[in-house]
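Report on the structure
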Number of protein chains: 4
Amino acid sequence: MTATLTERGTHRAQRDSVARLHGELTRNGLVTWTSGNVSERVPGEDLFVIKGSGVPYDGLSWEGITVCDLDGGVVDGVRRPSSDTDAHAYVYRHMPEVHGQVHTHSPYATAWAARAEEIPCVLTAMADEFGGAIPVGPFALIGDDSIGRGVVATLRGSRSPAVLMRNHGVFTVGASARDAVKAAVMTEDVARTVHLSRQLGEPLPISPGHVDALYARYQNVYGQ
Amino acid sequence: MTATLTERGTHRAQRDSVARLHGELTRNGLVTWTSGNVSERVPGEDLFVIKGSGVPYDGLSWEGITVCDLDGGVVDGVRRPSSDTDAHAYVYRHMPEVHGQVHTHSPYATAWAARAEEIPCVLTAMADEFGGAIPVGPFALIGDDSIGRGVVATLRGSRSPAVLMRNHGVFTVGASARDAVKAAVMTEDVARTVHLSRQLGEPLPISPGHVDALYARYQNVYGQ
Amino acid sequence: MTATLTERGTHRAQRDSVARLHGELTRNGLVTWTSGNVSERVPGEDLFVIKGSGVPYDGLSWEGITVCDLDGGVVDGVRRPSSDTDAHAYVYRHMPEVHGQVHTHSPYATAWAARAEEIPCVLTAMADEFGGAIPVGPFALIGDDSIGRGVVATLRGSRSPAVLMRNHGVFTVGASARDAVKAAVMTEDVARTVHLSRQLGEPLPISPGHVDALYARYQNVYGQ
Amino acid sequence: MTATLTERGTHRAQRDSVARLHGELTRNGLVTWTSGNVSERVPGEDLFVIKGSGVPYDGLSWEGITVCDLDGGVVDGVRRPSSDTDAHAYVYRHMPEVHGQVHTHSPYATAWAARAEEIPCVLTAMADEFGGAIPVGPFALIGDDSIGRGVVATLRGSRSPAVLMRNHGVFTVGASARDAVKAAVMTEDVARTVHLSRQLGEPLPISPGHVDALYARYQNVYGQ
């Protein structure tokens, strides 16, 4: 990340589309001020694009998105990449099926993360999208591989595309940046509904067989 | 639902108006990403129109709405219909007075549904619109008649146009799609206010006689 | 209220300004669907203007506002007036210093009303605007003088321009419709903050002497 | 503050930029009606600019911002300055490194303030921005030096740019008005997340060593 920043304007279409996807984070109330980021693998290259560090959401364009290699080194761009770049890079190196990632401090999900408490699967919408509980990853400092290692280790034991990193926030993965954004939006949605339900009693569990049936249908039949 | 999708452009005005009604779901914070749907009977025909499965709300137009028969089979459209189509069809077959339906996972109402707990009638606005408590329906898997059966069985024992399906969300009915949308909006509104009230104590009941008086006035005198 | 509705277009400027003031109710999240209303005395006449019953907020113009006499009878307009018209009329007859009124079911304030629990004065902003606790009025059926009587009886024992009617919602008064709207906005704001504070413990009281000092300063010095 | 208000139009660019910064208070839900304000030191002069008392946020322009000296006396403008002007002036006199200040009654933060309870540092985002807990200042009446004295005394014992004034609300400081606005936005964000986390259990602490490491990285490495 100490390389000179040089704007060569490569991968402009993808940087543009990833810049626009950040609009879903603000529209859905997942981010505050400049926190949070979306990244996406460049198809067929050992590269990914990611939001610049501390760049405002308002007016974010392709120039706010930087191209990095899979070690987190800057390849093209005028913005220092997100301070979560090493975490994203680690996940891309160790989970080749992942092509998009999102990180947020969305409030309800982060409230569960601050207690290091997984979100139990008590909603059909959770069974659909997450196939079970949303798991908790370890505490990790920001700025090196620690977060990436925690994300990968936690996701490997789960069908969930989302992990709640202890005392920190949400990391989601997907087959594209759009899928990871959807997972981040749904994480906050179910984190809120289960929180509300728990405030006045104990939500009822869904049996593992029903969770499996809902997950299978949603992953294979839902949508166009 | 396995029929070939062919766009013949029939019922375009009604599909257009139902597409626009979905805007009330997003404006009132009842839906997240692509979940939720509105349907409406076609006047004088054994048909109804319903949102396509997984179609985004942003830019939803008449082409995102599919025409189905009362068994849930596709009659016209280019989108596979909602995965809740069989539930809507079942309700239309068994409740001929119902001409509109809405389904959401709106957060406060779904929080009650996850505990399988009815919302008690402690607000004059609830007595007005629901004529009593909002009842809870059974757990049911998605994709066949199960939800429809649960909705019909629950609504038959109540004046409420809304039912909270356990671990799932809200289904509402009305004499038109607009009426069902209103019921969905009011369900979340009262689910939230009663939730807030219960957080700090026990809301006071309204006597059954007062509930009846409020319901009669609202259904017969309110509005233009 | 059974008089023939005839639009003569009188008091158009005031009806226009009251129509626009309703925008503050939606902007501040105080109302849902068509519930809630603003009214204002016509200067120098025994008349007031008020929102029509069940008229949507979207596109509300002067034609959605009806002119009534102080018994609640319609004098000019094409919309049947709010079903709260008799309550407003009663307040105007018995509190001549009141020239504007607002009614909402805003969620946090109505949550207190459902428990018939006054909002204690634990914020300097409450001392400023309300001069103490926000009091609770009795349960009353809708459609005749009952609500008006409860509002007047409760406000007479308080410096507060707002009353929480049990199981129902908020009624506020002011020297103008704008002042009553401000009181309705501030009622929901402090209802929410005190609710949040009470969720995790007991907010600290402000001494009566400090409440008096804050109230005196705000009523006499604040603003332009 | 009793000086005649005369508009000479000095410092127009800075008053314009401070007027626009108030938009972040409304956009982030930190203020209600006319409460709250932003101020900023004039570079190289013993002056600051601050919002007028009770001036609406809608349509706020440079004319709604008044120029004051460091005793709170009006130097230029047509609006009486905020009733918090003496507090801002006191802070500028006693903390020369502070060039911007913000005051709000943002709901979650004010809920902590009403209990006089500091917000514990249980989120990495809090360690980043605040370097520890957000502290509580004393109860103080509005309109003289009392609030300023409480703000300065509390901030001196903390790395936090924000203080929760008991029963009142939030005061933040920064090297510029923009930095103080960011601190106000982040204060409400973490006040909400920690509130939500505490509602269902006890959030886990972050060790002091980790807090220090996060704070050092964020203050020195984050951003461009």
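Rules of the game
Residues numbered from 1 in each chain as written. Chains lettered and ligands numbered in written order. Predicted model: local features only at pLDDT ≥ 70, side-chain atom pairs only at ≥ 80, totals over all residues. Heavy atoms only, no water. Helix = DSSP H or I, 4+ residues; strand = E, 2+ residues; numbered from the N terminus. Rg over C-alpha atoms; globule rule 2.2 N^0.38 Å. Buried < 20%, exposed > 50% of the residue type's maximum accessible area, 1.4 Å probe, protein only. Contact = heavy atoms within 4.5 Å. Areas by Shrake-Rupley, 256 points an atom, 1.4 Å probe, with all protein chains shown as cover. Lys, Arg positive; Asp, Glu negative; His and termini not counted. Charge placed at Lys NZ, Arg CZ, Asp CG, Glu CD. Salt bridge = Lys/Arg side-chain N within 4 Å of Asp/Glu carboxyl O. Polar contact = N/O pair within 3.5 Å; in protein donor to acceptor, adjacent residues only side chain to side chain. Pairing = 2+ DSSP bridges. Buried area = accessible area lost by both parts, 1.4 Å probe. Nonpolar A, V, L, I, M, F, W, Y, C, P; charged D, E, K, R; others polar. Least-squares fit on C-alpha atoms with pLDDT ≥ 70 in both. Expected span 1.5 Å × (residues − 1). UniProt positions renumbered as here; feature names shortened; annotations may be inferred. Axes fitted to C-alpha atoms, helices over the stretch in contact; angles between N-to-C directions. Parallel < 35°, antiparallel > 145°, perpendicular 65-115°, else oblique. Left-handed = near helix turned anticlockwise from the far one by under 90°. Phe/Tyr/Trp six-rings, centres within 6.5 Å; stacked < 30°, edge-to-face > 60°. Lys NZ or Arg CZ within 6 Å of the ring centre and 35° of its normal. Right-handed = clockwise from strand over helix to strand, strands pointing away.

1. Observations regarding the overall build of chain A
On a plain count of helices and strands, chain A comes out with seven helices and eight strands. Computed over its C-alpha atoms, the radius of gyration of chain A comes to 17 Å, within 12% of the 17 Å expected for a compact globule of 224 residues. Considering chain A as a whole, with its 224 residues, one finds that 64% of them fall into the buried category. Long-range pairs, those at least 24 residues apart, make up 65% of the contacts in chain A between residues at least 6 apart in sequence. Entry remark: accessible area of chain A is about 7,700 Å², with carbon and sulfur atoms responsible for 48%. Side chains of chain A give 20 positive and 25 negative charges; the mean places of these two sets differ by 2 Å.

2. Structural notes on the pattern of salt bridges
Across all of its chains, the model carries 55 salt bridges over all chains by this definition. A salt bridge links D:Glu117 to D:Arg115; the nearest nitrogen and oxygen atoms lie 2.6 Å apart. Take D:Arg115: its relative accessible area is 8%, and that puts it in the buried class. One network of salt bridges, with partners in common, ties together A:Arg115, A:Glu117, A:Arg198 and A:Glu202.

3. Overview of the side chain of C:Asn37
All names here are of chain C. Examined against the element boundaries, Asn37 turns out to sit in strand 1 (residues 37–41). Side-chain polar atoms of Asn37 contact the side chain of His88, separated by 2.8 Å. Apart from the residues lying within four places of it in its own chain, the contact partners of Asn37 are His22, Leu25, Lys51, Tyr57, Ser82, Asp84, His88, Gln101, Val102 and His103.

4. A few points about the sheet that holds strand 2 (residues 47–51) of chain C
All names here are of chain C. Taken in spatial order, the eight strands make up an open sheet running 4-3-2-1-5-8-7-6, and their pairing is mixed. On the outer flanks of this sheet lie strand 4 (74–76) and strand 6 (136–137), each paired with one strand and no other. The sheet contact formed by strand 1 and strand 2 spans three bridges and is antiparallel. Residue pairing for strand 2: Glu40 is matched across the bridge by Val49.

5. Observations concerning the interface of chain C and chain D
Across the contact, 32 residues belong to chain C and 31 residues belong to chain D. At the boundary of chain C with chain D, total buried surface from both sides reaches about 2,800 Å², with 61% on carbon and sulfur atoms. Where chain C touches chain D, the interface holds 13 residue pairs in polar contact (both at pLDDT 80 or more). The set of elements that each furnish at least two residues to the side of chain C that touches chain D consists of helix 4 (124–130), helix 6 (177–199) and helix 7 (208–220) of chain C. The biggest single contributor to the side of chain C that touches chain D is helix 6 of chain C, with eleven residues. When the residues that make up the side of chain C that touches chain D are grouped by side-chain class, the tally is 16 nonpolar, eight polar and eight charged.

6. Re the relation of the copies chain A and chain B
Laying chain A over chain B is done by rotating through 90 degrees and shifting 0.0 Å along the axis; what remains is an RMSD of 0.0 Å. Such a combination of turn and shift is consistent with a four-fold rotation axis. Judged by C-alpha distance, A:Gln199 is the residue of chain A that lies nearest the rotation axis, at 5.3 Å. A share of only 3% of the interface residues of chain A reappears at the interface of chain B, consistent with the copies meeting through non-equivalent patches.

7. A word on the relation of the copies chain C and chain D
Of the transformation superimposing chain C on chain D, the axial component is 0.0 Å and the angular component is 90 degrees, with the fit at an RMSD of 0.0 Å. Comparing interface residues between copies, only 3% of those in chain C also lie at the interface in chain D; the contact surfaces differ.

8. Description of helix 1 (residues 12–27) of chain D
All names here are of chain D. Look at helix 1: 23 Å from first C-alpha to last across 16 residues, which is about the 22 Å you get at 1.5 Å a residue. Listing the buried residues of helix 1 in full gives Gln14, Arg15, Val18, Ala19, Leu21, His22, Gly23, Glu24 and Leu25. Those residues of helix 1 that are buried lie in contact with strand 1 (37–41), strand 2 (47–51), strand 3 (65–69), strand 4 (74–76), strand 5 (100–104) and helix 6 (177–199).

9. What to know about the UniProt feature "domain: Class II aldolase/adducin N-terminal" (unreviewed entry) in chain A
The UniProt record annotates "domain: Class II aldolase/adducin N-terminal" (unreviewed entry) at residues 16–195 of chain A. End C-alpha to end C-alpha, residues 16–195 of chain A measures 35 Å, and it is 37% helix and 19% strand.

10. Remarks on the packing of helix 2 (residues 85–94) of chain A against helix 5 (residues 146–155) of chain A
Residue and element names in this part refer to chain A. Contact geometry of helix 2 with helix 5 gives a least axis separation of 7 Å together with a crossing angle of 40 degrees. Considered as vectors, helix 2 and helix 5 are oriented oblique to each other. In terms of crossing hand, the pair formed by helix 2 and helix 5 is right-handed. Along its contact with helix 2, which presents Ala87, Tyr90, Val91 and His94, the element helix 5 presents Ile147, Gly148, Arg149, Val151 and Val152. The residue inventory of the contact of helix 2 with helix 5, partitioned by class, reads six nonpolar, two polar and one charged.

11. A few points about the packing of aromatic side chains
For the structure shown, the criterion picks out four aromatic pairs over all chains. With a centroid separation of 5.1 Å and an interplanar angle of 45 degrees, the aromatic rings of B:Phe48 and B:Tyr92 are classed as tilted. Here the residue B:Phe48 occupies a position in strand 2 (residues 47–51), and B:Tyr92 occupies one in helix 2 (residues 85–94), the gap between them amounting to 44 residues. An identical accessibility class is assigned to B:Phe48 and B:Tyr92; each is buried. In this structure, C:Lys51 packs its charged tip against the face of C:Tyr57, placed 4.8 Å from the ring centre.

12. Regarding the environment of D:Val170
Residue and element names in this part refer to chain D. Within the element layout of this structure, Val170 appears in strand 8 (residues 169–174). Exposure remark for Val170: the relative accessible area of 1% places this residue in the buried category. Measuring from C-alpha to C-alpha, the distance between Val170 and Ser83 comes to 15 Å, with 87 residues separating the pair along the chain. Val170 has contacts with Val102, His103, Thr104, Ser106, Ala109, Val163, Leu164 and Thr187, leaving out every residue within four places of it along the chain.

13. Quick look at the sheet that holds strand 1 (residues 37–41) of chain B
Sheets are built from strands that pair by backbone hydrogen bonding, the pairs being arranged parallel or antiparallel. Residues and elements named next belong to chain B. If you trace the eight strands from one edge of the open sheet to the other, you get 4-3-2-1-5-8-7-6, paired in mixed fashion. Both edges of this open sheet fall to strand 4 (74–76) and strand 6 (136–137), since each of them pairs with a single strand only. Strand direction decides the pairing type here: strand 7 (residues 162–165) and strand 8 (residues 169–174), joined by four bridges, are antiparallel. Bridging across to strand 8, Val163 finds its partner in Phe171. Strands in contact with helix 1 (residues 12–27) are strand 1, strand 2, strand 3 (65–69), strand 4 and strand 5 (100–104); relative to strand 1, the strand with the most contacts, it is inclined by about 145 degrees. Sheet strands in contact with helix 5 (residues 146–155) are strand 6, strand 7 and strand 8, and its direction is about 130 degrees off that of strand 7.

14. Looking at the interface of chain A and chain B
Taken together, the contacts link 32 residues of chain A with 31 residues of chain B. Both sides together, the interface formed by chain A and chain B hides about 2,800 Å², and carbon and sulfur atoms give 60% of it. For the pair chain A and chain B, the interface holds zero salt bridges. Counting across the interface, chain A meets chain B through 13 residue pairs in polar contact (both at pLDDT 80 or more). Elements supplying a minimum of two residues to the side of chain A that touches chain B: helix 4 (124–130), helix 6 (177–199) and helix 7 (208–220) of chain A.

15. Overview of the side chain of A:Arg115
Structurally, A:Arg115 can be placed in the loop between helix 3 (107–114) and helix 4. Of the polar contacts made by the side chain of A:Arg115, one reaches the side chain of A:Glu117; its length is 2.6 Å. If we ignore the near neighbours within four places in the chain, the residues touching A:Arg115 are D:Leu196, D:Ser197, D:Leu200, D:Gly201, D:Glu202, D:Pro203 and D:Leu204.

16. Thoughts on the pairing of strand 7 of chain B
Residues and elements named next belong to chain B. Across the two faces of strand 7 the burial is the same, with Ala162 and Leu164 and Val163 and Met165 all buried. Each parallel crossover has a hand, and the one from strand 6 via helix 5 to strand 7 is right-handed. Here strand 7 hands over to strand 8 after three residues, with Asn167 in that stretch at a positive phi of 60 degrees.

17. Things to note about the packing of helix 3 of chain A against helix 6 of chain D
The contact between helix 3 of chain A and helix 6 of chain D brings their axes to 8 Å, and the two run at 55 degrees. Considering the angle they form, helix 3 of chain A stands oblique to helix 6 of chain D. Pair helix 3 of chain A / helix 6 of chain D crosses with right-handed handedness. Packed against helix 3 of chain A, whose contacting residues are A:Pro107, A:Tyr108, A:Thr110, A:Ala111 and A:Ala114, the element helix 6 of chain D presents D:Arg192, D:Thr193, D:Leu196 and D:Ser197 at the interface. Classifying every residue of the contact of helix 3 of chain A with helix 6 of chain D by side-chain character gives five nonpolar, three polar and one charged.

18. So, the pairing of strand 3 of chain B
Along any regular strand, the residues point their side chains to alternate faces of the sheet. Residue and element names in this part refer to chain B. Among the five residues of strand 3, four are classified as buried, and the element is accordingly described as predominantly covered. Pairing analysis gives five bridges linking strand 2 to strand 3, with the strands arranged antiparallel. Looking across to strand 3, one finds that Lys51 is bridged to Ile65. Two elements, strand 3 and strand 4, share two bridges in a ladder whose sense is antiparallel. Within the sheet, the bridge partner assigned to Val67 lies in strand 4 and is Asp76. Counting the residues between successive antiparallel strands, the hairpin from strand 3 to strand 4 contains four residues, one of them, Gly72, with a positive phi of roughly 90 degrees.

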